[in-house]
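Close look at the chain arrangement
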There are 2 protein chains.
Amino acid sequence: MNKMNLSIAIVGATGLVGRTMLTVLEERNFPVGRLKLLASATSVGIKAEFCGKEYMVEELREDSFADVDIALFSAGKTVSLKYAPIAEKAGCIVIDNSSAWRTDPTKPLIVPEVNGETIKDYKGIIANPNCSTIQMLVALKPIHDAFGLKRVIVSTYQSITGAGQKGIDKLNRELEQGIGGVAAEELPIAFNTLFHDISDPAGFSEEEIKMQNETRKILNLPNLPVAVTCVRLPIVGGHGESLNIETEKPITPQAVRELFSGRDDIIVIDDPMNQKYPTVAACAGQDPVYIGRIRQDDTAENGLYLWICADNVRKGAATNAVQIAELFVD
Amino acid sequence: MNKMNLSIAIVGATGLVGRTMLTVLEERNFPVGRLKLLASATSVGIKAEFCGKEYMVEELREDSFADVDIALFSAGKTVSLKYAPIAEKAGCIVIDNSSAWRTDPTKPLIVPEVNGETIKDYKGIIANPNCSTIQMLVALKPIHDAFGLKRVIVSTYQSITGAGQKGIDKLNRELEQGIGGVAAEELPIAFNTLFHDISDPAGFSEEEIKMQNETRKILNLPNLPVAVTCVRLPIVGGHGESLNIETEKPITPQAVRELFSGRDDIIVIDDPMNQKYPTVAACAGQDPVYIGRIRQDDTAENGLYLWICADNVRKGAATNAVQIAELFVD
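Because the structure is predicted, anything quoted here is derived from the model rather than measured. (Residues numbered from 1 in each chain as written. Chains lettered and ligands numbered in written order. Predicted model: local features only at pLDDT ≥ 70, side-chain atom pairs only at ≥ 80, totals over all residues.)

1. Description of the pairing of strand S10 (residues 239-247) of chain A
Residue and element names in this part refer to chain A. With nine of nine residues buried, S10 is to be regarded as a mostly interior element. Side chains of S10 alternate between two faces, with His239, Glu241, Leu243, Ile245 and Thr247 and Gly240, Ser242, Asn244 and Glu246 buried alike. Relative to strand S13 (residues 303-310), S10 runs antiparallel, the two being bridged by eight bridges. For Ile245, the partnering residue across the bridge sits in S13 and is Leu304. (Buried ≥ 20, exposed ≤ 12 C-beta atoms within 10 Å, placed from the backbone. Helix = DSSP H or I, 4+ residues; strand = E, 2+ residues; numbered from the N terminus. Pairing = 2+ DSSP bridges.)

Here it is in C-alpha cells:
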C-alpha cells in the first residue's frame with residue numbers, strides 16, 4: 001500500500017477503545033491519509049481531534065467503506081458481525097476488536113509479535129484477540145519457543161476499564177458510597193471481586209473460554225492445556241495475570257530474564273526485595289507488557305511463576321490493532 | 001475449665017482484629033467471667049463495650065496475666081514474642097494471631113474444623129494461622145480426606161483490611177483523588193495491585209511463604225506441593241482465592257458439592273449462569289467460608305478449580321481465634 005495515502009476508518013470511534021485507537025495512530029505516526037470516524041446515529045456530530053485537525057463522527061452505514069483501506073472496528077460483536085463483511089467486500093482490510101471472528105478458523109487472530117508473519121499475504125477480516133490473551137501471549141511466545149509450553153494456569157486481575165466507560169461510571173458511582181456503603185448494590189464492583197458473564201454449563205465464563213481458545217489458536221497449539229480463572233476488579237490502568245506454567249525443557253527464572261532482555265515490547269521489573277515489580281496502575285498509558293515475580297515453581301517439573309501486567313485498553317486492544325495495521329504498511 | 005467463670009484477656013484490644021474478637025466473643029455467647037482489654041500505653045483509657053458493660057483499656061504489662069485463663073493476642077509479632085511466654089508462664093492458654101509462633105514445631109497451629117482435635121490436652125501458646133491459610137484449609141481438608149491432595153496452586157485476591165486500619169486509611173485517602181489521580185503515589189493501593197513484603201531471595205513474599213508452610217503444618221503434609229501467589233487489592237469484606245488443585249483420586253465438581261453439603265462452616269454458592277457466586281463484599285461480617293466456581297480442570301489428571309471467599313478479619317482472624325478458645329470450654 002501507499003505509505004502516505006492510507007484511508008483509515010474507525011468504527012466505534014466514540015468508545016473507550018476507539019478513542020484510544022485514534023491516540024495510538026497519532027502517537028505512532030501511522031501514515032493516515034484520510035480518516036473516517038464512524039459510530040451509531042446517536043454519536044453523529046461528536047468531534048475528535050487527530051494530528052491537530054478536527055474530525056466529525058459520521059453515521060456507520062453500509063456505504064461507509066467505499067474508499068477505505070483499513071477499517072479498525074471496536075463497536076461490539078453485533079456491529080462487527082454485520083458490518084465487517086460489508087467492509088471486507090468493499091475491499092477493506094478489517095481489524096476487528098470484538099469477539100465476532102476470533103474463533104472462525106478462516107479468520108486470522110493476530111498478536112503481531114507472536115504470529116504477525118502469518119498474514120503477510122492476507123487481505124480481509126483480521127481478529128484482534130481478547131485483551132487478557134494478548135498480554136499473556138506476548139510473554140508466553142518466547143518461552144514456548146525456547147522451552148516448549150506444556151501447561152498454563154492463569155488467574156487474572158482485570159481492570160474495570162474492560163467493561164468500557166459504563167464500567168468506569170458504575171465504579172465511580174459506587175465509590176461515592178464509601179467502604180461499607182456498597183452493600184445495597186447487587187454485585188457491586190467497588191471494593192469487590194466479580195466474574196465475567198457465564199453461560200457455559202461447565203461453569204467457565206466467556207472471558208475464560210476466550211483465553212483458552214484464543215491462546216491455542218494464536219500459538220497454533222490446539223491441545224495446549226490452559227486453565228483459566230478470570231476476575232474483574234475495581235482496578236484501572238491494566239490487567240494483571242498470575243501464571244504458573246510448566247514447560248517441556250528445564251526452565252529457570254534467570255533463563256527467562258535473559259530471554260526477555262533487550263526487547264522493548266517486554267519489560268522485566270523484578271526486584272521485589274526493593275518493592276520493584278509491575279503493578280496495573282503503572283501500566284496506564286504504556287504499550288509494553290510488564291513481567292515480574294518470576295519465580296521457580298518447584299511444585300511441578302519445569303515449573304515457573306510469572307506476573308504479567310499491561311494496559312488492557314492499549315496493548316490489550318487499541319495498540320495491538322494499530323500494530324496489526326502497521327503490518328500492511330511496512 | 002469452669003464454663004461460667006472464664007477470665008479472658010485481649011491483647012491488642014484497640015486494633016481491627018482485637019475489636020472484632022470482642023464482637024465475636026459476645027455474638028457467640030462465650031462464657032466470659034472477667035474481661036481484660038490490654039494494649040500499649042498510648043491506648044490506655046480507650047473504652048469498649050462488651051455485653052452492655054463498659055470496659056477501659058489497660059496497659060499491657062508483665063503482670064497483666066495473673067488471673068487470666070485465656071489470652072487472645074493480636075498486637076503483632078514483637079508483642080507476641082515478648083508477652084506470650086509471660087502469659088504462658090502465668091498459666092494462661094495463649095491464642096496468638098501473629099506469625100510469631102506459627103512455624104515453631106512445639107506450638108500447635110490450629111483451624112478448629114481441620115485439626116482442633118490435636119490440642120485436646122494441650123495448654124500453652126497456640127498459634128492462629130494466617131487469614132489466607134485458614135479459609136483455604138477449611139475448604140481443602142474435606143477434599144484431602146476424600147480425594148487426597150496432590151498439588152495446590154493458589155492466587156489470592158486479598159482485602160486491604162489485611163493491612164489493618166492503616167491500610168484502610170491509606171485506601172480512603174487515595175480514593176479521594178479519584179481514578180487517574182493516584183499516579184503521584186508510590187505504590188498506591190487504590191485501583192491497583194500490590195504484593196506483600198518480600199524479603200526472600202527466591203522472590204516469595206512473606207504472605208506466600210506463610211501460606212505454604214502453614215498449609216503443610218496444619219494438614220500434617222510436610223511435602224505437599226503448594227504454589228502460592230498473594231496479591232493485595234483495593235477490596236474489602238474478605239479475601240478471595242483462585243485455586244487449581246490436583247488430587248490422588250478422581251474428583252468431580254458434583255462430588256465436591258456433595259462433600260460440602262449440610263455443613264454450616266462451608267457454604268457453596270455456585271450458580272454462575274444466574275450470576276450467583278461468592279464475592280468478597282458479600283463475606284463482610286460473615287463467619288462461613290464461601291465456595292463457588294467449582295469446575296473440572298481437565299488440564300490435569302484429577303484437576304479441579306475452586307473459588308474461596310471468607311471475611312479475613314473474622315474467620316481469617318478473630319472468629320478462628322475465638323473458636324480455638326471454645327475448644328477449651330466444650
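2. Remarks on the packing of helix H4 (residues 131-147) of chain A against helix H9 (residues 314-326) of chain A
Residue and element names in this part refer to chain A. Close contact between H4 and H9 brings their axes to 8 Å; oriented N to C, the two are set at 85°. By the angle between their axes, H4 is roughly perpendicular relative to H9. Where H4 approaches H9, its residues Cys131, Ile134 and Gln135 are matched on the opposing element by Lys315, Gly316, Ala317 and Asn320. Per-class residue counts for the contact of H4 with H9 are three nonpolar, three polar and one charged. (Axes fitted to C-alpha atoms, helices over the stretch in contact; angles between N-to-C directions. Parallel < 35°, antiparallel > 145°, perpendicular 65-115°, else oblique. Contact = placed C-beta atoms within 7 Å. Nonpolar A, V, L, I, M, F, W, Y, C, P; charged D, E, K, R; others polar.)

3. Looking at the domain arrangement of chain A
All names here are of chain A. On domain assignment, one finds that chain A holds domain 1 (6-129 + 317-326) and domain 2 (133-312). Taken together, the 14 residues of domain 1 in the interface contact 16 residues of domain 2. Residue assignment for the side of domain 1 that touches domain 2 shows that the elements contributing at least two residues are helix H3 (112-115) and H9. By residue class, the composition of the side of domain 1 that touches domain 2 is six nonpolar, six polar and two charged. (Domains from an automatic or database assignment.)

4. Some words on the relation of the copies chain A and chain B
Once turned by 180° and shifted 0.0 Å along the axis, chain A lies on chain B with an RMSD of 0.0 Å. Put plainly, the chains are arranged around a two-fold axis. Most of the interface of chain A is mirrored in chain B, where 100% of its interface residues again form contacts. (Least-squares fit on C-alpha atoms with pLDDT ≥ 70 in both.)

5. Here's the deal with the interface of chain A and chain B
Taken residue by residue, the interface counts 47 residues in chain A and 47 residues in chain B. Elements with a minimum of two residues in the side of chain A that touches chain B: strand S8 (149-157), helix H5 (164-175), strand S9 (226-229), S10, helix H8 (280-283) and strand S12 (289-296) of chain A. Residue contributions to the side of chain A that touches chain B peak at four residues, all from S8 of chain A. Counted by class, the side of chain A that touches chain B contains 28 nonpolar, 15 polar and four charged residues.

6. Focus: the pairing of strand S3 (residues 47-50) of chain B
Residue and element names in this part refer to chain B. Where S3 meets strand S4 (residues 53-59), four bridges bridge the pair, whose relative direction is antiparallel. By the bridge assignment, Phe50 is partnered in S4 with Lys53. Counted between consecutive antiparallel strands, the loop separating S3 from S4 contains two residues, among which Cys51 sits at a positive phi close to 50°.

7. A short note on the environment of Thr193 of chain B
Residue and element names in this part refer to chain B. For Thr193, the location among the structural elements is in the loop between helix H5 (164-175) and helix H6 (206-219). Owing to 29 C-beta atoms within 10 Å, Thr193 belongs among the buried residues under this scheme. Distance in space between the C-alpha atoms of Thr193 and Pro234 is 7.7 Å, their sequence separation being 41 residues.

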